[in-house]
Amino acid sequence: MDFGLTGKVALVTGAGRGIGRGIALTLAGEGAHVAVNFASDSRAAAEVVEAIGAAGGEAHAIQADVGDHGESQRLVDATLERFGRIDILVNNAGIVSRKPILEVPLEEWDRVVRTNFYGCFHCSRLVGRHMTERGGGGKIVNISSIHGRVAKAGMGPYCATKAAIDMLTKQLAVELAPRGIQVNCVASGTIATDINIPLYRSTRPEDRALQDAVLKRIPQRRIGEPEDIGRAVAFLASGAAGYVTGAILYVDGGYVADGTPTV
């Protein structure tokens, strides 16, 4: 499907790996020029830029820790210097903590909040101001999670920040609508990324049992791919979603819709 993104400029945070990589590749495949933000893995970001270039697209890697306001400003400035404008912002950068909520170190909690929530806040404000000053509106798509709605033991700061992003999306949508800026959220389900692919491809009996348990929880009985999220983002960034703002789109194979006990 042609989403009409040819010539648009998209800034994707955390675009070097996983879901961010899938979003960047999908938007570039739809004709957008892509600023590929990364925090530390320059090699992974360079591979994304190379893949986009090999397919005939244009991309540029920019390092910045979006949890820091000054670095977020530098990221936006560098994107504008390279491409001249930002039509689409995708707030994807995020990290996970896997410790019980009573035991997670405060420094670790703060790091997750800074990256996941403040990164989204900083970039949305900065790019929202640019879109307002430039005129003509724009699209902001935040990447949340099913775990902004459904808690998961051992992932307290991650779940809390994703829930906060859901509400920030609605707040931004209401305040920016008069300026022609649409703000929506994609809440991702279980997605195959570098972190969990080894588990999903493992043949060990204990891992097979976990794989089966995960699949039983998903009505579509499959693990999602980064491109599943990328296509949802492309839709929300396109004219096809011209009357959609403040929405949370669950791309999860039916996970949060299903209350049926599984055995």
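Before any of the text, the structure's been laid out above.
1. A look at the overall build of the protein
Within the protein, the secondary structure is distributed over eight helices and seven strands. If you line up the protein on its principal axes, its C-alpha atoms span 55 × 40 × 35 Å. Expressed as a percentage of its 263 residues, the buried residues of the protein come to 48%. A fraction of 72% describes how many contacts in the protein between residues 6 or more apart in sequence connect residues 24 or more apart.

2. A short note on the pairing of strand S6 (residues 181-188)
The element S6 is extensively covered by neighbouring structure, given that eight of its eight residues are classed as buried. As defined by bridge partners, strand S5 (residues 138-145) adjoins S6 across eight bridges and the pair is classed as parallel. Bridged to valine 141 within S6 is asparagine 184. Assessed by its sense of winding, the connection that carries the chain from S5 through helix H5 (residues 156-176) to S6 is right-handed. Bridge analysis of S6 against strand S7 (residues 248-251) gives four bridges, and the strand direction is parallel. Bridging from a neighbouring strand, serine 188 pairs with valine 251 of S7.

3. Side note on the packing of helix H4 (residues 106-134) against H5
Running from N to C, H4 and H5 point in directions that differ by 15°, and their axes come no closer than 9 Å. The orientation of H4 with respect to H5, classified from their angle, is roughly parallel. The way H4 lies across H5 gives a crossing that is right-handed. Where H4 abuts H5, its residues Trp109, Val112, Val113, Asn116, Phe117, Cys120, Phe121 and Ser124 lie against Gly156, Pro157, Tyr158, Thr161, Lys162, Ala164, Ile165, Leu168 and Leu172. Within the contact of H4 with H5, the residues separate by chemical class into 12 nonpolar, four polar and one charged.

4. Notes on the sheet that holds S6
Read from one edge to the other, the open sheet built from seven strands follows the order S3-S2-S1-S4-S5-S6-S7, with strand pairing classed as parallel. Whereas interior strands pair on both sides, the edge strands pair on one side only; in this sheet they are strand S3 (59-63) and S7. With direction set aside, neighbouring strand axes in the sheet form an average angle of 20°. Across the sheet, helix H2 (residues 42-54) lies against strand S2 (33-38) and S3, angled at about 170° from S2, the strand it touches most. Helix H8 (residues 226-236) contacts strand S4 (88-91), S5, S6 and S7 of the sheet and is inclined by roughly 165° relative to S6.

Reading guide: rules and limits
Within each chain, residue numbers correspond to sequence positions counted from 1 in written order. Reporting of local features is limited, given that this is a predicted model, to residues whose pLDDT is at least 70; pairs of side-chain atoms are given and counted only at 80 or more, and all residues count toward the totals for whole chains, interfaces and linings. Only heavy atoms go into the side-chain values, all of them from the structure, while hydrogens and water stay out. Going along the chain from the N terminus, every DSSP run of H or I of four or more residues is numbered as a helix, and every run of E of two or more is numbered as a strand. Here's how the labels work: a residue is buried when its accessible area is under 20% of the maximum for its type, exposed when over 50%, partly exposed in between, all with a 1.4 Å probe on protein chains only. Should any heavy atoms of two residues lie within 4.5 Å, those residues are considered in contact. Any two strands between which DSSP finds at least two bridges are classified as paired. Call a crossover right-handed when, viewed with both strands pointing away from you, the route from the first strand across the helix to the second goes clockwise. Axis lines are fitted to C-alpha atoms, over the contacting stretch for helices. Their N-to-C directions set the angle, which ranges from 0 to 180 degrees. Roughly parallel means an angle under 35 degrees; roughly antiparallel means over 145; roughly perpendicular covers 65 to 115; every other angle is labelled oblique. Left-handed describes a crossing in which the near helix is turned anticlockwise from the far one by less than a right angle; the clockwise case is right-handed. Asp, Glu, Lys and Arg are counted as charged, while Ala, Val, Leu, Ile, Met, Phe, Trp, Tyr, Cys and Pro are counted as nonpolar; the rest, among them Gly, fall into the polar class.

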